Amino acid sequence: MMTSSTPADPLRAAATGQAATLITVAATGAESDKATVPALPVTLDELVAAATQCQAAGAAVIHVHIRDDRARPTLDLARLRDTVAALRESTDLIVQLSTGGAVTDSFEDRLAVLDAAPDACSLTCGTVNFGDEVFVNPWPFIRDLYARTQELGVVPEFEIFDLGHAATLHRLLADLGAPYGGHVHCDLVMGVPGGMPGDAATLVQAVAALPAGATWSATGVGRATLPVLFAALAAGGHLRVGMEDTISYARGRPATGNAELVERAAALAGLAQRPPMLPADARVMLGVNGRH
Ligand code: KMH
Ligand code: ZN
């Protein structure tokens, strides 16, 4: 599972000159309303346009939630398939479908997301309070979802909202073995009200709890965006940014779109001398073989 690009101690990666920064754009999410956030990409055309701009700005992975004709979150399989095809047609981005969906989605629908045959998917490693709601991920569902990724050849990204989720990831790997693609990549989702806070000290603890050889990215929700971005770069990690996680560029200044969030991440990664990773290199690091 260990590769030359994944030092045994991930916190030493920055000091040892880990070469490039994987930037994932989480473009839409399931929580914001188009009516109040007009820049949110909710149609297929809007999503493809955003994806194209984000690739040009430095993204290598797109984390995808889709909406229906009324801009409500949906896991409609035909739409998911069309979305995967359209993103493949127009970009080189790794297409990572959300299996988290919205807090109201059933386990059955969330499992069926994998039938859309994406390159990759998110896989959240535990239940977490989610503002006033609960994002429910019990162990049997996590197991079933992981086993299905292995069967269908979809590369999972393990979403860690809290330290206990890292413990569940260890249990999952011990019980069911390595993920499809052979490499463990995690995303620390920080600053969700109910999850781990988005600060540097917590990030360091979370990274230390990950399996040896794992690579990781981090994202800070809302006002945690910038502290987590800087902490992740300092600690040698990769970055997730986008309008799923923040709808503001700065206090009181709404984001004009996903591209400017990716541009800022790419610029900061460049300043850290770890410029954005190309999609082709990201495929190698993550074990995504593009065979679909
Ligand atoms: N929308 C959240 C309830 C994921 O995409 O896998 C869950 C979420 C995580 O966004
Ligand atoms: Zn998501």
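The coordinates are above.
The structure reproduced in this document is the subject of the present report. Treat the numbers as computed from the prediction; the structure is a model and nothing was measured.

### Regarding the nonpolar core
Judged by nonpolar contacts, the single largest core of 71 residues is most densely connected at I62, F158, C186, L188, L203 and W216. Of all hydrophobic cores here, the second largest spans 12 residues; its members include A20, L22, A60 and V288.

### Here's the deal with the site of ligand 1
Residues in contact with ligand 1, as listed here, are E31, H63, H65, S98, G100, G101, V103, S122, T124, F130, F135 and E244. Between G100 and ligand 1, the recorded distance is 3.3 Å, taken from a backbone N or O atom to an oxygen atom. The fraction of the free accessible surface of ligand 1 (300 Å²) that becomes covered by protein chains is 97%. The class makeup of the residues in the shell around ligand 1 is three nonpolar, seven polar and two charged.

### As for the pairing of strand β5 (residues 94-97)
The alternating pattern of β5 places I94 and Q96 on one face and V95 and L97 on the opposite face, and all of these are buried. Bridging between strand β2 (residues 61-64) and β5 involves four bridges; their strand directions are parallel. Among the inter-strand pairings, V61 is bridged to a residue of β5, identified as I94. Taken together, the two bridges between β5 and strand β6 (residues 120-124) define a ladder with parallel strand orientation. The residue of β6 that forms the bridge with Q96 is A120.

### Some details on the packing of aromatic side chains
Pairs of aromatic rings are described using the distance from one ring centre to the other and the angle between the two planes. Summed over the entire model, instances satisfying the criterion amount to four aromatic pairs. On the numbers, 5.7 Å between centres and 55° between planes, the contact of Y146 with F158 is tilted. With Y146 in helix α4 (residues 139-152) and F158 in strand β9 (residues 155-160), this pair connects stretches of sequence that are 12 residues apart. Across the pair, F158 and Y146 agree in class, each one buried. Cluster of aromatic residues (ring-pair linked, three or more members): F130, F135 and F161. Over the ring of W139 we find R171, and its NZ or CZ is 3.8 Å from the ring centre. Directly above the ring of Y249 sits R264, whose terminal nitrogen or CZ lies 4.2 Å from the centroid.

### Side note on the coordination of the zinc ion (ligand 2)
Listed as protein donors to the zinc ion (ligand 2) are H63 (NE2), H65 (NE2) and E244 (OE); their distances from the metal cover 2.1 Å. Donor residues for the zinc ion (ligand 2) sit on one chain with the sequence pattern H-x1-H-x178-E. In this pair, H65 sits in the loop between β2 and β3 (66-67) while E244 sits in the loop between β12 (238-241) and β13 (248-250), placing the two residues 179 residues apart along the sequence. Take H65: its relative accessible area is 9%, and that puts it in the buried class.

### Considering unusual backbone geometry
For A117, which is not a glycine, the phi torsion comes out positive at approximately 55°. Checked against the element boundaries, A117 lands in the loop between α3 (107-112) and β6. One non-glycine residue with positive phi stands out, namely Q273, at about 60°. You can see Q273 is positioned in the loop between α8 (258-271) and α9 (279-286). Overall, the relative accessible area of 68% leaves Q273 in the exposed class.

Conventions and cut-offs
- Residues numbered from 1 in each chain as written.
- Chains lettered and ligands numbered in written order.
- Predicted model: local features only at pLDDT ≥ 70, side-chain atom pairs only at ≥ 80, totals over all residues.
- Heavy atoms only, no water.
- Core = buried A, V, L, I, M, F, W, Y, C linked by side-chain atoms within 4.5 Å.
- Buried < 20%, exposed > 50% of the residue type's maximum accessible area, 1.4 Å probe, protein only.
- Near = heavy atom within 4 Å.
- Polar contact = N/O pair within 3.5 Å; in protein donor to acceptor, adjacent residues only side chain to side chain.
- Areas by Shrake-Rupley, 256 points an atom, 1.4 Å probe, with all protein chains shown as cover.
- Nonpolar A, V, L, I, M, F, W, Y, C, P; charged D, E, K, R; others polar.
- Helix = DSSP H or I, 4+ residues; strand = E, 2+ residues; numbered from the N terminus.
- Pairing = 2+ DSSP bridges.
- Phe/Tyr/Trp six-rings, centres within 6.5 Å; stacked < 30°, edge-to-face > 60°.
- Lys NZ or Arg CZ within 6 Å of the ring centre and 35° of its normal.
- Donors = N, O, S within 2.8 Å, 3.2 Å for Na, K, Ca; no water.

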